[in-house]
Amino acid sequence: MSVLPIRITGDPVLHQPAAPVVTFDDELRTLVADMFETMDEAPGVGLAGPQVGVPLRLFVYSYEHDPDGPQRGVAINPTLWITPTPIGEADEDAESEGCLSVPGERFPLRRSPRARLEAVDLDGKPFVLEARGWFARILQHETDHLDGVLYVDRLDFLHQRRAKKAITGNKWGRPGNSWTPGVDDLEA
């Protein structure tokens, strides 16, 4: 297994929809194992294929604090349904979100409190996840990556301005920027 470089906002692979996975083979298994190692080293709670430069519809997730018990797995070719997102301003403390492709930055974002994910696993076997709270947020965040959307794209006007300032200040927002967990300390 290997820790993979994580693409930073501005890389084209992060800003376009990913293609469905059609081949389930040892190469896919290796990619998923590498993605788990990369996510754990970062550390993160989710990592999508486009974040490691692979424009395929898959992501790994690991969330230890779910009321139904720890959740860890891979979702391939997922479809996500969500309940309506509550109206109102996002809470800076309770709803701040981060992203390994915008390392070290956090901004408040209102998300749906519940989600239903339908996907397949590494063997192509279908499964369904019902999620609420932060686990639902993780599934929404990672599914967004597969659609070419970063969480900073969804921020309200004020927070989006702050995010753009941080991206510009870090000289991101253009192709070719990445960081490698365990090598670069961009999440500090």
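See the structure above.
Rules of the game
- Residues numbered from 1 in each chain as written.
- Predicted model: local features only at pLDDT ≥ 70, side-chain atom pairs only at ≥ 80, totals over all residues.
- Heavy atoms only, no water.
- Pairing = 2+ DSSP bridges.
- Helix = DSSP H or I, 4+ residues; strand = E, 2+ residues; numbered from the N terminus.
- Axes fitted to C-alpha atoms, helices over the stretch in contact; angles between N-to-C directions.
- Phe/Tyr/Trp six-rings, centres within 6.5 Å; stacked < 30°, edge-to-face > 60°.
- Buried < 20%, exposed > 50% of the residue type's maximum accessible area, 1.4 Å probe, protein only.
- Lys NZ or Arg CZ within 6 Å of the ring centre and 35° of its normal.
- Contact = heavy atoms within 4.5 Å.
- Core = buried A, V, L, I, M, F, W, Y, C linked by side-chain atoms within 4.5 Å.

1. Some words on the sheet that holds strand β4 (residues 71–82)
Then step 1. With antiparallel pairing, 5 strands are arranged side by side in an open sheet as β2-β3-β4-β7-β8. Each having just a single partner strand, β2 (46–48) and β8 (126–132) make up the two edges of the open sheet. Between one strand axis and the next, the sheet turns by 40° as a mean value, whatever way the strands run.
Then step 2. Where strand β7 (residues 114–120) meets β8, 7 bridges bridge the pair, whose relative direction is antiparallel.

2. Looking at the packing of aromatic side chains
Then step 1. Using the criterion set out here, one finds 3 aromatic pairs in the structure.
Then step 2. Taking the centre distance of 5.7 Å and the plane angle of 50° together, the rings of Tyr61 and Phe135 count as tilted. Taken together, the residues span a long stretch of sequence, with Tyr61 in strand β3 (residues 58–63) and Phe135 in helix α2 (residues 133–146) at a distance of 74 residues.
Then step 3. Residue classification places Tyr61 among the buried residues on the basis of a relative accessible area of 5%.
Then step 4. Ring centres of Tyr63 and Phe135 lie 6.2 Å apart, and the angle between their planes is 5°; this geometry places the pair in the stacked category. With Tyr63 in strand β3 and Phe135 in helix α2, this pair connects stretches of sequence that are 72 residues apart.
Then step 5. Aromatic ring contacts, followed pair by pair, group Phe59, Tyr61, Tyr63 and Phe135 into a single cluster.
Then step 6. Positioned over the ring face of Trp134 is Arg137, at 4.5 Å from the centre of the ring.

3. Digging into the environment of Val52
Then step 1. Position of Val52 relative to the elements: it lies in the loop between β2 and β3.
Then step 2. On a C-alpha basis, the gap between Val52 and Thr180 in space is 9.9 Å, while along the polypeptide they are 128 residues apart.
Then step 3. What Val52 contacts, discounting residues up to four positions off in sequence, is Leu4, Pro5, Arg7, Leu31, Met35 and Leu47.

4. Brief notes about the nonpolar core
Then step 1. Counting residues in hydrophobic clusters, the biggest one holds 32 residues, and the most contacted among them are Leu58 and Val152.
Then step 2. Within the residue set of this core, elements represented by two or more residues are α1 (26–41), β3, β4, β6 (102–108) and α3 (157–169).
Then step 3. No other element matches α1, which puts 6 residues into this core.
Then step 4. Aside from chain neighbours lying at most four places away, what touches Leu58 is Val21, Leu28, Leu31, Val32, Met35, Ala48, Gly49, Val74, Ala75, Ile76 and Leu146.

This is a description of form; function is not addressed.
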